[in-house]
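Structural description and commentary
Here is what each chain is made of, one letter per residue.
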Amino acid sequence: MTTLRTGPEAVYDVLGIGFGPSNLALSIAIEEHNNTSGDVITAGFLERQPQFGWHRGMLLDDATMQVSFPKDLVTMRNPASDFSFLCYLRERGRLVDFLNQKTLFPLRAEFHDYFEWAAARMRHVVEYSAEVLQIEPVRAEGGEIRWFDVTSRDPDDPGRTVVRRARNICVAVGLEPHLPPGTVLSDRVCHTSELIPRVAGMAGAPVRRALVLGAGQSAAEAVDYLHRVFADAEVCAVFAKYGYTPADDTPFANRIFDPEAVDVYYTSPPEVKQSLLEYHRSTNYSVVDSELIESLYATMYREQVHGRKRLRMMNVSRIRDVREQDGRLAVTVEYLPTGEHEVLDADLLVHATGYRPQDIGALLGETAKLCLRDDEDAIRVDRDHRVKVAPQVTAGIYLQGGTEHSHGLTSTLLSTTAIRAGEIRDSLLAQRSLTAN
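Residues numbered from 1 in each chain as written. Predicted model: local features only at pLDDT ≥ 70, side-chain atom pairs only at ≥ 80, totals over all residues. Heavy atoms only, no water.

Glancing now at the sheet that holds strand β2 (residues 14–17). Read across the open sheet, the five strands follow the order β4-β3-β2-β8-β19; overall the sheet is parallel. Two strands close off the open sheet at either side, each with one partner strand: β4 (126–127) and β19 (396–399). Bridging between β2 and strand β8 (residues 168–171) involves three bridges; their strand directions are parallel. Looking across to β8, one finds that G16 is bridged to C170. Against the sheet, helix α1 (residues 21–34) makes contact with β2, β3 (43–46) and β8, and its axis sits at roughly 165° relative to β3, the strand it touches most. (Pairing = 2+ DSSP bridges. Helix = DSSP H or I, 4+ residues; strand = E, 2+ residues; numbered from the N terminus. Contact = heavy atoms within 4.5 Å. Axes fitted to C-alpha atoms, helices over the stretch in contact; angles between N-to-C directions.)

Viewed as axis vectors pointing N to C, α1 and helix α4 (residues 108–121) meet at an angle of 45°, and their least axial separation amounts to 10 Å. Taken together, the axes of α1 and α4 lie oblique to each other. Considering how the two elements wind past one another, α1 and α4 form a crossing that is left-handed. Of the residues in α4, those touching α1 at P21, L24 and I28 are F115, A118 and A119. (Parallel < 35°, antiparallel > 145°, perpendicular 65-115°, else oblique. Left-handed = near helix turned anticlockwise from the far one by under 90°.)

Before going further, it helps to spend a moment on the layout of surface pockets. Here the second largest pocket is characterised by a volume of approximately 430 Å³. If you go around the second largest pocket, you meet 17 residues; those closest to its centre are P270, K273, D374, H405 and S406. At the level of secondary structure, the elements contributing two or more residues to the lining of the second largest pocket comprise α8 (259–267), α9 (270–279) and α12 (404–407). Examining the composition of the lining of the second largest pocket, we find that four residues originate from one element, α9, more than from any other. (1 Å grid on protein atoms, 1.4 Å probe; cavity = no way out; pocket = protein on both sides within 12 Å on 5 of 7 lines; lining within 4 Å. Points joined across faces, edges and corners; volume = space filled by probe spheres on them.)

Another aspect to go through is the sheet that holds strand β11 (residues 209–213). With respect to topology, five strands assemble into an open sheet ordered β10-β17-β11-β12-β13, the strand pairing being parallel. Edge positions in the sheet fall to β10 (189–191) and β13 (311–314), since each has one partner strand and no second. Geometrically, the sheet is characterised by an average inter-axis angle of 20° between neighbouring strands, direction not taken into account. In this structure, β10 lies alongside strand β17 (residues 348–351), joined through three bridges in parallel fashion. If you follow V189 over to β17, its bridge partner there is L349. Seen against the sheet, helix α6 (residues 217–229) touches β11, β12 (234–238), β13 and β17 and runs at an angle of roughly 170° to β11.

Below, the discussion takes up the pattern of salt bridges. A side chain with one charge may pair with a side chain of the opposite charge, provided their charged atoms come close. As enumerated under the stated definition, the model contains 31 salt bridges in all. The salt bridge partner of D263 is R383, with a shortest N-O separation of 2.8 Å. Of this pair, D263 sits in helix α8 while R383 sits in the loop between α11 (360–364) and β19, placing them 120 residues apart in sequence. In this structure D263 comes out as partly exposed when scored by relative accessible area, which is 37%. Its salt-bridge partner being D347, residue R328 comes within 3.0 Å of it at the nearest N-O pair. Separated by 19 residues along the polypeptide, R328 in strand β15 (residues 328–335) and D347 in the loop between β16 (340–346) and β17 bring together distant segments of the chain. When salt bridges with common partners are traced through the structure, they connect D13, D39, R167 and R432 into a single cluster. (Salt bridge = Lys/Arg side-chain N within 4 Å of Asp/Glu carboxyl O. Buried < 20%, exposed > 50% of the residue type's maximum accessible area, 1.4 Å probe, protein only.)

This is the structure we're talking about:
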């Protein structure tokens, strides 16, 4: 169903491309501003999914968030907002029960439900099943590029397209699964982003062995999940490390996710930026919560005691070949210290190999040529998340995600989502004021 305005008279102040947590937070920041100010920002959002969804394939029953609940869509920006996680709990009738747990970290499934609750309240500004196909710069008289025409699929008829005009666009298309080169996905080979539906699709089929490639949080969670779901199967964790590395979630290290840390990172020279990324990779990349590490080790040891080993850690190893025949997999695993190869018959191989930013150049098309780039060919971005563009361009391009090179580790994380949404909203207002003057 088409919900957003169309036609030449409908010029949006901002059109958001994608409607995950980042642009959802932006929609709320704009809504709260519009409810208290006469200086209204007209905003719309286009999402290719048929409904709101955030990492649905990994919403494991007992998995918890790795960020504390005040880092929700609004609280860090506006603690009085009625879009907060605590207001969600109150409406769901669970506020007291949640507080009695004495935890800052909700279930991941519960936080997803919170996102859905907030997205439902903002339904009037988003169009689902509206994949963006093209973004074209529009010139005014004199050659100034003042608008963008955004072409998307018509949700009521996917064979048709709809064009909307905007003074600014905000791109928040999220991350895409990263897979090793040459990986061929199939019914028995998947990425963790598809873990839950893939396992559900194997219900009733015999699973004798499952492999998980990777050494991060998602990998460890997938190993634990498969070990519990397939009670008779051997589950093999394959990774190049000697053992899982614990995440550094200590208070001082966590300050790298503070809003002030974005300012420090943004103003640092390139060599300092690189050092900060390397020093603090252990807060986010290829690391596992200590409790889960200890739980997996306890499970493995318990199986040793009882003489029935189902959990197998294939450390210092890599997968060298995967062949599928007659409904089963033959997976060749190399033990790196000796070069020895072992071929394992398996029913499922899960790649827990992380995510990477999507190529926004492909999405922007001709508009990408307007973006200025640095010496490393990365897009140059101002502190307010607005892309630096050619002089003749007054229309704005904002990025939520894909800015780790300029804004640091929080670029793709929830930690500063609320703050970033407020910064973009304020920038939209400031740029409008500059244009008016």
